[in-house]
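Next come the chains, spelled out residue by residue.
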Amino acid sequence: MPLKEKLAKKIPILREEVKSLVKEHGQKVISQATVEQAYGGMRGIKSMVWETSLLDPNEGIRFRGYNIPEVREKLPKAPGGEEPLPEGLFWLLLTGELPTENDVKEVTKEWQTRGKVPASTWKILDSLPKKMHPMTQFSIGIMSLQPTSLYQQKYNEGIPKKDYWDPMYEDVMNLLAQLPAIAAYIYRRSYKNGKRITPSKKLDWGANFSHMMGIDDPEYYELMRLYLVLHSDHEGGNVSAHTTHLVGSALSDAFYSLSAGMNGLAGPLHGLANQEVLRWIQNLMKKLGGRVPTKEELSKALWDTLNSGQVIPGYGHAVLRKTDPRYVAQREFALKHMPKDELFQLVAMVYEVAPDILMKHGKAKNPWPNVDAHSGVLQWYYGVREYDFYTVLFGVSRAMGVLAQLIWDRALGLSIERPKSVTTEWLKQEVTKM
Ligand code: CMX
């Protein structure tokens, strides 16, 4: 059954479930907020619904109930490949069901068909300084597609609220189909000869992305597929997901919403950490005259970083309390394909040394590595050495999760977000009454 038809069948069922859940249990308390949480990034307060994934502090992410090893095993692969196809993950995120090989082929075909980027987008990108950060170019590239929004057009025509999800689905499919070409062109114009590479009708979404970046190595295709799966979704409270969802709640279309989410991903505490990790490691090697440090030298460098008030990039997490399984999956890929690589060995050494130091330092609640601690070194190995670009790769992947949820946001008719804020003065008065 085509993806849209499958989704159309699921929507009325969940709508009814949500309706009766709210009717029967609407007043039950699921979370409370403390003063500390109000100042501390609202950490842990349960007040948002996110259907596509759920994060367990110890086990890590589950996409629609499937953890990362399960997703790697169960999702269809490219012929001869071993890593899951991102198209299959999108199917799973959107429908909650594992796709067949044929379902995945259909999504690949659909994204190939919808992949033509309007000439106006190329023109806008060409007008930007080549030295502009790739994430800024990416966000502008997404915004440049906004005039193509069918959702906005249908909204203006007055379609009923229950049908909002339909043009949203169309916009999301077009946007996902076009994102790799936009991202790849940003890579080509910023770092290569600036020539656009035409997508191939023979390649899947991830492989086509590598192809358009100018990398036609089957092993990198595999890495790209894995990378795009791993970074896609991490429940709703992280900055990129929450921002996309928040902006969408004002009934802004997918282009406004995703572009806003990407601006959040561009922050150094979020998606930019992947480039920071490699910068940190390479600065350290430069200081040592280009050689791999000993464990003692590495420990000293980690302490120096902490003592100068900086964070160790790629370590810690707002929710996770164990090594991120997305880190583990990338480590497994590295052990299989590049075990002798010097930078990988250094990343592995940081994994041996940093958690103990962070525990001794005593501040970070989670001393273990997150997804960003490993991704850069894999890109570097396959020749993508322009680390300012790494967050764009993250962004193409993250788009799948946040946009799948955005369709559900409209399908469920979720309200405009408007939590209550208070002032410090209000809090000071209120706590004295407790
Ligand atoms: N190095 C040094 N100190 C750290 C740290 C790290 N890697 N991680 C957390 N801390 C510090 C915090 O800065 C905070 O210090 P203050 O009390 O002085 O503000 C303290 O430990 C407590 O923080 P926390 O509750 O453990 O962590 P938060 O939920 O506030 O923040 C995160 C989470 C990811 C922003 C933080 O761990 C961090 O800055 N890590 C490094 C950057 C990074 O890897 N980001 C990528 C995360 C994954 C992603 O979203 O892409």
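Residues numbered from 1 in each chain as written. Predicted model: local features only at pLDDT ≥ 70, side-chain atom pairs only at ≥ 80, totals over all residues. Heavy atoms only, no water.

Participant: Tell me about the nonpolar core, residues and numbers included.
Facilitator: Phe 90, Phe 138, Leu 176, Met 213 and Leu 403 are the most contacted members of the largest nonpolar core, which has 115 residues in total. Apart from the residues within four sequence positions on either side, Phe 138 is in contact with Leu 179, Ile 182, Ala 183, Ile 186, Met 262, Val 392, Gly 395 and Val 396. (Core = buried A, V, L, I, M, F, W, Y, C linked by side-chain atoms within 4.5 Å. Buried < 20%, exposed > 50% of the residue type's maximum accessible area, 1.4 Å probe, protein only. Contact = heavy atoms within 4.5 Å.)

Participant: Quick one: what's the story with unusual backbone geometry, residue by residue and with numbers?
Facilitator: Phi is positive for Arg 64, close to 50°, though the residue is something other than glycine. When its relative accessible area of 22% is taken as the criterion, Arg 64 is described as partly exposed. The residue Leu 251 is not glycine, and still its phi comes out positive at about 65°. By secondary structure assignment, the location of Leu 251 is in the loop between helix H12 (239-249) and helix H13 (254-265). (Helix = DSSP H or I, 4+ residues; strand = E, 2+ residues; numbered from the N terminus.)

Participant: Tell me what's going on with the packing of aromatic side chains, and back it up with residues and numbers.
Facilitator: Under the criterion given, the structure shown has 13 aromatic pairs. Both rings, one in Tyr 220 and one in Tyr 382, keep their centres 5.8 Å apart while their planes meet at 55°; by these two values the pair is tilted. One end of the pair, Tyr 220, is in helix H11 (residues 218-230); the other, Tyr 382, is in the loop between helix H18 (372-381) and helix H19 (390-411), with 162 residues separating them in the sequence. For Tyr 220, a relative accessible area of 0% corresponds to the buried category. Taking relative accessible area as the criterion, Tyr 382 reaches 11% and is therefore assigned buried. One aromatic cluster in this structure is built from Tyr 220, Phe 333, Tyr 381 and Tyr 382. Sitting over the face of the ring of Tyr 185, Arg 196 holds its NZ or CZ atom 5.5 Å from the ring centroid. (Phe/Tyr/Trp six-rings, centres within 6.5 Å; stacked < 30°, edge-to-face > 60°. Lys NZ or Arg CZ within 6 Å of the ring centre and 35° of its normal.)

Participant: Which residues make up H12, and what values go with them?
Facilitator: Where H12 is concerned, the buried positions are Ser 240, Ala 241, Thr 244, His 245, Gly 248 and Ser 249. Looking down the long axis of H12, one finds its buried residues gathered within 165° of arc, a one-sided arrangement. In the core, the buried residues of H12 are packed alongside H13 and H19. Directly after H12, the chain includes Leu 251, whose backbone phi takes a positive value near 65°. (Arc of directions from axis to C-beta.)

Participant: Account for the pattern of salt bridges, with residues named and values stated.
Facilitator: Counted under the stated rule, the structure contains 27 salt bridges. A salt bridge links Lys 4 to Asp 166; the nearest nitrogen and oxygen atoms lie 2.8 Å apart. Here Lys 4 is found in helix H1 (residues 3-25), whereas its partner Asp 166 is found in helix H9 (residues 165-191), with 162 residues between them in sequence. Taking relative accessible area as the criterion, Lys 4 reaches 23% and is therefore assigned partly exposed. Taking the shortest distance from any N to any O, the salt bridge between Arg 114 and Glu 170 comes out at 2.9 Å. Placement of Arg 114 in the loop between helix H5 (101-113) and helix H6 (119-126) and of Glu 170 in helix H9 is noted, with a sequence separation of 56 residues between them. Just as Arg 114 is buried, Glu 170 falls in that class too. A single salt-bridge network, built from bridges that share partners, covers Lys 4, Glu 110, Arg 114, Asp 166 and Glu 170. (Salt bridge = Lys/Arg side-chain N within 4 Å of Asp/Glu carboxyl O.)

Participant: Give a description of a nonpolar patch on the surface that names residues and reports values.
Facilitator: Taken together, the side chains of Val 35, Tyr 39, Val 431 and Met 434 present a nonpolar region at the surface, about 440 Å² in accessible area. Here Val 35 is to be found in helix H2 (residues 35-39). (Patch = residues over 30% accessible without salt bridge, like charges linked within 9 Å, V, L, I, M, F, W, Y side chains within 5 Å. Areas by Shrake-Rupley, 256 points an atom, 1.4 Å probe, with all protein chains shown as cover.)

Participant: An account of the site of the ligand is needed here, citing residue identities and associated values.
Facilitator: Lining the immediate environment of the ligand, one finds 20 residues, of which His 270, Gly 314, Tyr 315, Lys 365 and Asp 372 sit closest. Residue His 270 places a side-chain N or O atom 2.7 Å away from an oxygen atom belonging to the ligand. At 2.9 Å from a nitrogen atom of the ligand is found a main-chain nitrogen or oxygen belonging to Ile 312. For the ligand, whose unbound accessible area comes to 890 Å², protein coverage reaches 75%. Of the residues that constitute the shell around the ligand, the class distribution is 11 nonpolar, five polar and four charged. (Near = heavy atom within 4 Å. Polar contact = N/O pair within 3.5 Å; in protein donor to acceptor, adjacent residues only side chain to side chain. Nonpolar A, V, L, I, M, F, W, Y, C, P; charged D, E, K, R; others polar.)

Participant: Report on the domain arrangement of the protein, specifying residues and quantitative values.
Facilitator: For the protein, the domain assignment lists domain 1 (1-23 + 36-267 + 390-434) and domain 2 (273-381). For domain 1 and domain 2, the distance between their C-alpha centres works out to 27 Å. Counting each side, the surface lost to burial between domain 1 and domain 2 is near 2,300 Å², with a carbon and sulfur contribution of 59%. Interface area lost by domain 1 to domain 2 is led by Pro 57, Leu 223 and Tyr 390, which between them contribute 25%. Here domain 1 is connected to domain 2 by two salt bridges. One salt bridge connects Arg 72 with Glu 332, and the closest N-O pair in it is separated by 2.8 Å. Taken together, the links from domain 1 to domain 2 amount to eight residue pairs in polar contact (both at pLDDT 80 or more). (Domains from an automatic or database assignment. Buried area = accessible area lost by both parts, 1.4 Å probe.)

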